[in-house]
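One-letter residues, chain by chain:
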Amino acid sequence: MLLVRPRRLAAPAALLVSLTACGGDEGAVAVTYTDVQRERIASLAGPPSLPDDPTNAVADDPEAAAFGQLLFFDPRLSADGEVSCATCHDPEHGFSDPARLSTGIGTTGRHAPPALGAAWNRWQFWDGRCDSLWCQATGPWEAPLEHGGNRTRFAHLVAEEPDLRAAYEAVFGPLPDLSDPERFPADAAPGDDPDDPLAQAWEAMTEADRDAVNRVFSNLAKAVAAYERRLVTGPSAFDRFAEALAEGDDAGLAALSPAARRGLGLFVGDNPANPFRETVDAFGGDCWTCHAGSALTDFEFHNTGLGPRDWLDPEDPGRYAGIELVKAQTFNGTGRYSDAPDAAATDVLRYLREPSSEDLAAFKTPSLRDVARRGPYMHGGHFDTLEEVVDFYADLAESPELGHRDHQLYPIDLDEQDRADLVAFLEALDGELPDADLLRAP
Ligand code: HEC
Ligand code: HEC
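So, here is what we can say about the structure in this document. In this text the structure is predicted, and so the values were computed from the model without any measurement. (Residues numbered from 1 in each chain as written. Chains lettered and ligands numbered in written order. Predicted model: local features only at pLDDT ≥ 70, side-chain atom pairs only at ≥ 80, totals over all residues. Heavy atoms only, no water.)

1. Some thoughts on the coordination of the iron atom of ligand 2
Here's step 1: Donor atoms from the polypeptide that bind the iron atom of ligand 2 are His 291 (NE2) and Tyr 393 (OH), placed at 1.9 to 2.1 Å.
Here's step 2: Around the iron atom of ligand 2, the six donor atoms are arranged such that angles at the metal cover 81 to 179 degrees; this shape is classified as octahedral. Taken as a pair, His 291 in the loop between helix H12 (287-290) and strand S3 (301-302) and Tyr 393 in helix H15 (residues 386-395) lie far apart in primary sequence, 102 residues in all. (Donors = N, O, S within 2.8 Å, 3.2 Å for Na, K, Ca; no water. Tetrahedral: all angles 85-135°; square planar, octahedral: opposite > 155°, others 65-115°. Helix = DSSP H or I, 4+ residues; strand = E, 2+ residues; numbered from the N terminus.)

2. Re the site of ligand 1
Here's step 1: Around ligand 1, the surrounding shell holds 31 residues, and the nearest of these are Cys 85, Cys 88, His 89, Phe 125 and Lys 364.
Here's step 2: Here Arg 110 contributes a side-chain N or O atom positioned 2.7 Å from an oxygen atom of ligand 1.
Here's step 3: Elements with a contribution of two residues or more to the shell around ligand 1: helix H3 (85-88), helix H4 (133-142) and helix H8 (207-228).
Here's step 4: Considering each element in turn, the shell around ligand 1 owes the most residues, five residues, to H4. (Near = heavy atom within 4 Å. Polar contact = N/O pair within 3.5 Å; in protein donor to acceptor, adjacent residues only side chain to side chain.)

3. A short note on helix H13 (residues 319-328)
Here's step 1: What H13 keeps buried is the set Arg 319, Gly 322, Ile 323 and Val 326. In a view along the axis of H13, the buried residues occupy a sector of 105 degrees, so they form one face of it.
Here's step 2: Buried residues along H13 sit in contact with S3 and helix H14 (347-350). (Buried < 20%, exposed > 50% of the residue type's maximum accessible area, 1.4 Å probe, protein only. Arc of directions from axis to C-beta. Contact = heavy atoms within 4.5 Å.)

4. Some words on the coordination of the iron atom of ligand 1
Here's step 1: You will see that the iron atom of ligand 1 has only one donor from the protein, His 89 (NE2), lying 2.1 Å away.
Here's step 2: Along the polypeptide, His 89 turns up in the loop between H3 and H4.

5. Overview of the state of the cysteines
Here's step 1: Within the structure shown, the criterion is met by one disulfide.
Here's step 2: Here Cys 130 pairs with Cys 135 through a disulfide, and the sulfurs are 2.1 Å apart. Measuring the twist about the S-S bond at about -60 degrees, one finds the Cys 130-Cys 135 disulfide to be left-handed.
Here's step 3: Residue classification places Cys 130 among the buried residues on the basis of a relative accessible area of 1%. (Disulfide = S-S within 2.5 Å.)

6. Regarding the packing of aromatic side chains
Here's step 1: Under the definition given, this model contains 15 aromatic pairs.
Here's step 2: An angle of 50 degrees between the planes, with centres 4.9 Å apart, marks the rings of Phe 267 and Phe 425 as tilted. With Phe 267 in helix H10 (residues 258-267) and Phe 425 in helix H16 (residues 416-426), this residue pair connects regions lying 158 residues apart in the sequence.
Here's step 3: Of the residues examined, Phe 267 reaches a relative accessible area of 2% and is grouped as buried.
Here's step 4: Considering the side-chain rings of Phe 392 and Tyr 393, the 5.2 Å spacing of their centres and the 65 degrees angle between planes classify their relative orientation as edge-to-face.
Here's step 5: Residue Tyr 393 is classed as partly exposed on the basis of its relative accessible area of 23%. (Phe/Tyr/Trp six-rings, centres within 6.5 Å; stacked < 30°, edge-to-face > 60°.)

7. Examining the site of ligand 2
Here's step 1: Surveying the vicinity of ligand 2 reveals 23 residues, the closest of which are Cys 287, Cys 290, His 291, His 379 and Tyr 393.
Here's step 2: Measuring from an oxygen atom of ligand 2, one finds a backbone N or O atom of Met 378 at 2.8 Å.
Here's step 3: Tyr 393 has a polar side-chain atom sitting 2.6 Å from a nitrogen atom of ligand 2.
Here's step 4: Looking at the shell around ligand 2, the elements that each hand over two or more residues are H12, strand S4 (363-364) and H15.
Here's step 5: By residue number, the principal contributor to the shell around ligand 2 is H15, which donates three residues.
Here's step 6: Of the residues belonging to the shell around ligand 2, the class tally is 14 nonpolar, five polar and four charged. (Nonpolar A, V, L, I, M, F, W, Y, C, P; charged D, E, K, R; others polar.)

8. Details of the pattern of salt bridges
Here's step 1: In this structure the tally under the stated criterion is 26 salt bridges.
Here's step 2: With a closest N to O distance of 3.0 Å, Asp 127 and Arg 129 form a salt bridge.
Here's step 3: Judged by relative accessible area, which is 2%, Asp 127 ranks as buried.
Here's step 4: Among the salt bridges present, the one from Arg 165 reaches Glu 169, with a minimum N-O distance of 3.5 Å. Placement of both Arg 165 and Glu 169 in helix H6 (residues 162-172) is noted, with a separation of four residues, approximately one turn of the helix.
Here's step 5: The class for Glu 169 is partly exposed, based on a relative accessible area of 28%.
Here's step 6: By sharing partners, the salt bridges in this structure join Asp 74, Arg 76, Glu 161 and Asp 163 into a single network. (Salt bridge = Lys/Arg side-chain N within 4 Å of Asp/Glu carboxyl O.)

9. Notes on the nonpolar core
Here's step 1: Counting residues in each nonpolar core, the largest one holds 44 residues, and the members touching the most others are Phe 67, Leu 71, Phe 72, Phe 95, Trp 141 and Leu 220.
Here's step 2: Secondary-structure elements contributing two or more residues to this core are helix H2 (62-72), H3, H4, helix H5 (151-160), H6, helix H7 (197-204) and H8.
Here's step 3: In terms of residue count, H8 provides more of this core than any other element does, nine residues in total.
Here's step 4: Apart from the residues within four sequence positions on either side, Leu 220 is in contact with Phe 67, Leu 71, Trp 141, Phe 154, Val 158 and Tyr 168.
Here's step 5: The next biggest cluster of nonpolar side chains, apart from the first, holds 41 residues, and it includes Leu 256, Tyr 410, Leu 426 and Ala 428. (Core = buried A, V, L, I, M, F, W, Y, C linked by side-chain atoms within 4.5 Å.)

10. Section: the side chain of Thr 297
Here's step 1: Summarising the element assignment, Thr 297 is placed in the loop between H12 and S3.
Here's step 2: Residue classification places Thr 297 among the buried residues on the basis of a relative accessible area of 4%.
Here's step 3: Those residues in contact with Thr 297 that lie beyond four places of it in its chain are Cys 290, His 291, Ala 292, Thr 365, Pro 366 and Ser 367.

11. Examining the packing of H4 against H8
Here's step 1: Axis separation between H4 and H8 bottoms out at 8 Å; the angle between their running directions is 115 degrees. In this structure, H4 meets H8 at a crossing whose hand is right-handed. In contact with Leu 133, Trp 134, Ala 137, Thr 138, Trp 141 and Glu 142 of H4, H8 contributes Phe 217, Ser 218, Leu 220, Ala 221, Lys 222, Val 224, Ala 225 and Glu 228.
Here's step 2: Of the residues belonging to the contact of H4 with H8, the class tally is nine nonpolar, two polar and three charged. (Axes fitted to C-alpha atoms, helices over the stretch in contact; angles between N-to-C directions. Left-handed = near helix turned anticlockwise from the far one by under 90°.)

12. Notes on H15
Spacing of three or four residues puts side chains on the same side of an α-helix, whose turn is 3.6 residues.
Here's step 1: Of the residues making up H15, those classed as buried are Leu 386, Val 389, Val 390, Phe 392 and Ala 394.
Here's step 2: One or two positions beyond H15, positive phi appears at Leu 396, with a value near 45 degrees.

13. Concerning unusual backbone geometry
Here's step 1: Cis geometry is found at the peptide bond from Gly 46 to Pro 47, where omega equals 5 degrees.
Here's step 2: Residue placement: Pro 47 occurs in the loop between helix H1 (35-44) and H2.
Here's step 3: Here the residue pair Gly 375 and Pro 376 is connected by a cis peptide bond, since its omega of 0 degrees sits within 30 degrees of zero.
Here's step 4: Summarising the element assignment, Pro 376 is placed in the loop between S4 and H15.
Here's step 5: Although it is not a glycine, Phe 125 sits at a positive phi angle of roughly 80 degrees.
Here's step 6: Even without a glycine there, the phi angle at Met 378 is positive, about 80 degrees.

Geometric values such as these leave the question of function open.
Here is the structure:
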């Protein structure tokens, strides 16, 4: 049974490699990949390795990770004592939120992406306004719609709660003395609005005292980041298949169902209908060009041409604003609270270009690892299911309100079977979960 339809066969010159294996579910199956496809499959094999974070000195410290796990699940760090990171990043849902938009103190304007696998990202947030996990973690604690707290209040909390204080000091050494209310008010944080009492309280503090609070606050975030670095998954069925394919291990090919194998063929393209096929090295055009490498992301931002939704801000500029925001972050990798502001790893930030119209409504390419564990999908929870995502890409029937669709995307002629196959492949990207101890409050 030849499962690649003729319209998708590669140029006659390409060598066709036929693989036969017992899939179990559908009996003996042959899937044919071109050489080009095999190379691309190999380039996606994982799981990805964990990138170093020299800007966080405790990134790989187990004690910091244990403290971070405590903080991640701790609702004391919120305005109403009820919101923790896990409120919107549910371990039972791939550390993402089953709701389109998330509700903490208020309701957010974008969908919550997964904390599972976030350690693989180069940029954090849909618009990449942070360049590290610890920069990211400082955001929600002070965001009025999320935890609704402020850094000075949390510094006091850590000083006053014996369990938090002990865990903090074991990793970072003695806390500063915050007991003088004249110097350290209960609530204070920087802000743009001069009438905001929090910002006024912050302005009234000395620079040294503000620095002491920032230090504690960034350390809390670094502990959370150390925990999140452990929230990465191991090999998926796809990885086992890719390894078997590379090694000529026919029995190992059974790791993917026949449908998922066909879907993989579609994902890596080399499709004669692709208008960019001849210039593929330069231009791409298939799923794998953006969902590239073992993390299944190019780590960059694209406008995929999603249309408006009535629950979203139609003017969301995405990466266009994210570029300026990440440069301006107090807690970025080149800033005062970075543990390696000059590290080569921070060059991506140092040499970040100016925003251009290409960045309008461009959002981060998410890793597709563990994608079936989460949903809804896209930066605004546009689609409830992977089937809907695949229909979107195949038909490209939507038009963006802002900016324009990335030129790399083109409608793909996919029938019902093709679409189901692509979904079967996406469902084979769930990796082995980390230790169960990491998936709940300590
Ligand atoms: C009220 C819901 C809510 C809470 C609480 C919350 N988050 Fe999020 N989180 C979100 C949303 C929404 C986004 C996306 C925002 C954006 O991109 O503009 C996000 C983004 C992230 C990301 C970026 C992932 C990526 O791929 O870019 C990480 C990591 C993350 N949150 C971790 C945390 C941590 C750690 C905490 C606790 C300190 C936390 N979140 C608290 C809703 C929440
Ligand atoms: C031009 C680059 C590009 C190409 C090509 C591309 N994607 Fe994406 N993909 C993205 C970006 C960017 C997003 C996030 C878009 C947003 O939220 O605005 C995304 C989101 C997704 C998501 C949702 C993941 C999540 O966590 O929300 C899935 C699934 C997905 N893509 C699958 C595919 C498949 C299958 C193909 C091929 C048919 C494909 N992509 C082709 C860039 C691309």
